[in-house]
Amino acid sequence: MTTRWLGIDIGGTGTRLQLMEAGRVWSSFRKVPTASWAQQPDALAALGQLIAETLEQQPVSGVMLGLPGILSRDRQQVISLPFIQALDHQPVAALLSERLGVPVAMDKDVNHLMLWDLMQLEQLPENAVGLYPGTGMGNSLWINGRFYHGQHGGAGELGHVPVAGNALPCPCGNHGCAETVTSGHWLSHWAQANATQTPMSALFTHHGSDPALQAFVQRLAQLIATEMNILDPEYLILGGGVLAMADFPLAQLRSQIQQHLRPPATRDGLKIIFSQSTDHTGCRGACLAAERLFRSAQ
């Protein structure tokens, strides 16, 4: 049988599926609304049926899920998916594997974005950090040549460090989390109050010089620099929907991050790269993760 992997990128809005054969031959990309299965009475069964539809056409050697939330350290249990709570507290991968008859694994979706970006480098680094601000703050930690999950599976939650003077409620249940003032969620609220005639995608094109948006970029830079000064990675990879907005001031963000880095070592040594991610990147990264995981287990 041809070796083939299925990568699935599950977001709060869309679920993307992609097949990869040996030699990184891509096929059968598909995107469906996450609500089409997540809001069914039995969300897990509906997700299994969605995957089964692909497997009926093309048998695979393994399936990798990317999920937007916190998983257990061993990646066997979903702990918290704020946007898909129907899967909370379940061994989702094991249950799907039993249902589908193929190996299934799972990881945080941002780690698959990061893996794709790492694989674009000439060689895998020892230490790198990925930050992907979108609706929330995606954060991936690649430490000593592997993804770092933390003791309880909750590493890389930079969006949930507290910010002084911020009392905004966060979907995680706390108040004052950094992502409430450094992510697309904040930008959306600002636009609704101050730029109702401007499409979100053009917010920086028409209002980029507004002091509130300048302050937003500065807050984001300070937050990112904080993690860089703690971890001192070789690479910082920046992506996500916020940075992909038209005319987002990427050069300004880079400069402001560098201003806050500890001189001389971190400031002089850190390599900052902007991700060229697309709608396919998350599920393609999931395919690469499936290949790495299941091949090593054979």
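Residues numbered from 1 in each chain as written. Predicted model: local features only at pLDDT ≥ 70, side-chain atom pairs only at ≥ 80, totals over all residues. Heavy atoms only, no water.

## A word on the overall build of the protein chain
Moving on, step 1. Within the protein chain one finds 11 helices and 12 strands.
Moving on, step 2. The C-alpha atoms of the protein chain give a radius of gyration of 19 Å, which matches the 19 Å a tight globule of 298 residues would have.
Moving on, step 3. The C-alpha extent of the protein chain, read off along each of the three principal axes, is 55 × 40 × 35 Å.
Moving on, step 4. For the protein chain, the proportion of its 298 residues judged to be buried stands at 51%.
Moving on, step 5. In the protein chain, once contacts between residues fewer than 6 apart in sequence are set aside, the share between residues at least 24 apart is 62%.
Moving on, step 6. As displayed, the protein chain has an accessible area near 13700 Å², and 50% of this comes from carbon and sulfur atoms.
Moving on, step 7. Charged side chains of the protein chain number 18 positive and 23 negative; the gap between the two group centres comes to 3 Å. (Helix = DSSP H or I, 4+ residues; strand = E, 2+ residues; numbered from the N terminus. Rg over C-alpha atoms; globule rule 2.2 N^0.38 Å. Buried < 20%, exposed > 50% of the residue type's maximum accessible area, 1.4 Å probe, protein only. Contact = heavy atoms within 4.5 Å. Areas by Shrake-Rupley, 256 points an atom, 1.4 Å probe, with all protein chains shown as cover. Lys, Arg positive; Asp, Glu negative; His and termini not counted. Charge placed at Lys NZ, Arg CZ, Asp CG, Glu CD.)

## A closer look at the packing of aromatic side chains
Where two aromatic rings form a pair, the distance of their centres and the angle of their planes describe that pair.
Moving on, step 1. Considering all chains together, one arrives at 6 aromatic pairs under this definition.
Moving on, step 2. Between tryptophan 26 and tryptophan 116, the ring centres sit 5.8 Å apart and the planes meet at 65 degrees, which makes this aromatic pair edge-to-face. Taken together, the positions of tryptophan 26 in strand 3 (residues 25–33) and tryptophan 116 in helix 4 (residues 109–119) put the pair 90 residues apart, joining distant regions of the chain.
Moving on, step 3. Under the relative-accessibility criterion, tryptophan 26 is labelled partly exposed at 22%.
Moving on, step 4. Seen in terms of ring centroids, phenylalanine 204 and phenylalanine 248 are 4.8 Å apart; in terms of plane orientation they differ by 65 degrees. Their pairing is edge-to-face. Residue phenylalanine 204 is found in helix 7 (residues 203–207), and its partner phenylalanine 248 is found in the loop between strand 11 (235–238) and helix 9 (250–259); the two are separated by 44 residues along the sequence.
Moving on, step 5. For phenylalanine 248, a relative accessible area of 5% puts it in the buried group.
Moving on, step 6. Among the aromatic residues, those joined into a cluster by ring pairs are Trp186, Phe204, Phe216 and Phe248.
Moving on, step 7. Over the aromatic face of tryptophan 186 sits the side chain of arginine 219, whose NZ or CZ is 4.8 Å from the ring centroid. (Phe/Tyr/Trp six-rings, centres within 6.5 Å; stacked < 30°, edge-to-face > 60°. Lys NZ or Arg CZ within 6 Å of the ring centre and 35° of its normal.)

## Side note on helix 9
Moving on, step 1. For helix 9, every residue scored as buried is listed here: Leu253, Gln256 and Ile257. Each buried residue of helix 9 sits inside an arc of 105 degrees when the element is viewed along its axis, so together they form one side.
Moving on, step 2. Those residues of helix 9 that are buried are in contact with helix 8 (211–231), strand 11 and strand 12 (271–274). (Arc of directions from axis to C-beta.)

## What about the sheet that holds strand 11?
Moving on, step 1. Ordered in space as 10-9-8-11-12, the 5 strands form an open sheet in which the pairing is mixed. Two strands close off the open sheet at either side, each with one partner strand: strand 10 (146–147) and strand 12.
Moving on, step 2. Relative to strand 12, strand 11 runs parallel, the two being bridged by 4 bridges. The partner of leucine 236 across the bridge, within strand 12, is isoleucine 272.
Moving on, step 3. Strand contacts of helix 9: strand 11 and strand 12, with the helix running at about 155 degrees to strand 12, the strand carrying the most contacts. (Pairing = 2+ DSSP bridges. Axes fitted to C-alpha atoms, helices over the stretch in contact; angles between N-to-C directions.)

## Remarks on the layout of surface pockets
Moving on, step 1. Approximately 1300 Å³ is the volume attributed to the largest pocket.
Moving on, step 2. In terms of lining, the largest pocket is formed by 41 residues, of which the most central are Pro68, Asp109, Gly134, Thr135 and Gly136.
Moving on, step 3. Looking at the lining of the largest pocket, the elements that each hand over two or more residues are strand 2 (14–21), helix 4, strand 9 (137–143) and helix 5 (179–182).
Moving on, step 4. Split into classes, the residues belonging to the lining of the largest pocket amount to 11 nonpolar, 22 polar and 8 charged.
Moving on, step 5. Here the second largest pocket is characterised by a volume of approximately 670 Å³.
Moving on, step 6. Residue lining of the second largest pocket: 27 residues in total, with Arg75, Asp107, Arg146, Phe147 and His149 positioned closest to the centre.
Moving on, step 7. Of all the secondary structure elements, the ones that give two or more residues to the lining of the second largest pocket are strand 7 (104–108), helix 4, strand 9, strand 10 and helix 11 (281–297).
Moving on, step 8. Classifying every residue of the lining of the second largest pocket by side-chain character gives 12 nonpolar, 9 polar and 6 charged. (1 Å grid on protein atoms, 1.4 Å probe; cavity = no way out; pocket = protein on both sides within 12 Å on 5 of 7 lines; lining within 4 Å. Points joined across faces, edges and corners; volume = space filled by probe spheres on them. Nonpolar A, V, L, I, M, F, W, Y, C, P; charged D, E, K, R; others polar.)

## What to know about the packing of helix 2 (residues 43–57) against helix 3 (residues 92–100)
Moving on, step 1. At a closest axis distance of 10 Å, the pairing of helix 2 and helix 3 adopts a crossing angle of 50 degrees. In terms of axis orientation, helix 2 runs oblique to helix 3. The chirality of how helix 2 crosses helix 3 is right-handed. When helix 2 is examined against helix 3, the residues Leu44, Ala45, Leu47, Gly48, Ile51, Ala52 and Leu55 are found in contact with a partner set consisting of Val92, Leu95, Leu96, Arg99 and Leu100.
Moving on, step 2. Among the residues making up the contact of helix 2 with helix 3, the classes are represented as 10 nonpolar, 1 polar and 1 charged. (Parallel < 35°, antiparallel > 145°, perpendicular 65-115°, else oblique. Left-handed = near helix turned anticlockwise from the far one by under 90°.)

## Digging into empty space enclosed by the protein
Moving on, step 1. As enumerated under the stated definition, the model contains 1 cavity of 30 Å³ or more in all.
Moving on, step 2. Taken as a whole, the largest cavity encloses approximately 50 Å³ of empty space.
Moving on, step 3. If you go around the largest cavity, the residues you meet are Arg75, Lys108, Asn111, Asn139, Ser140, Leu141, Tyr148, His149, Ala155 and Gly156.
Moving on, step 4. Residues belonging to the lining of the largest cavity are distributed by class as follows: 3 nonpolar, 5 polar and 2 charged.

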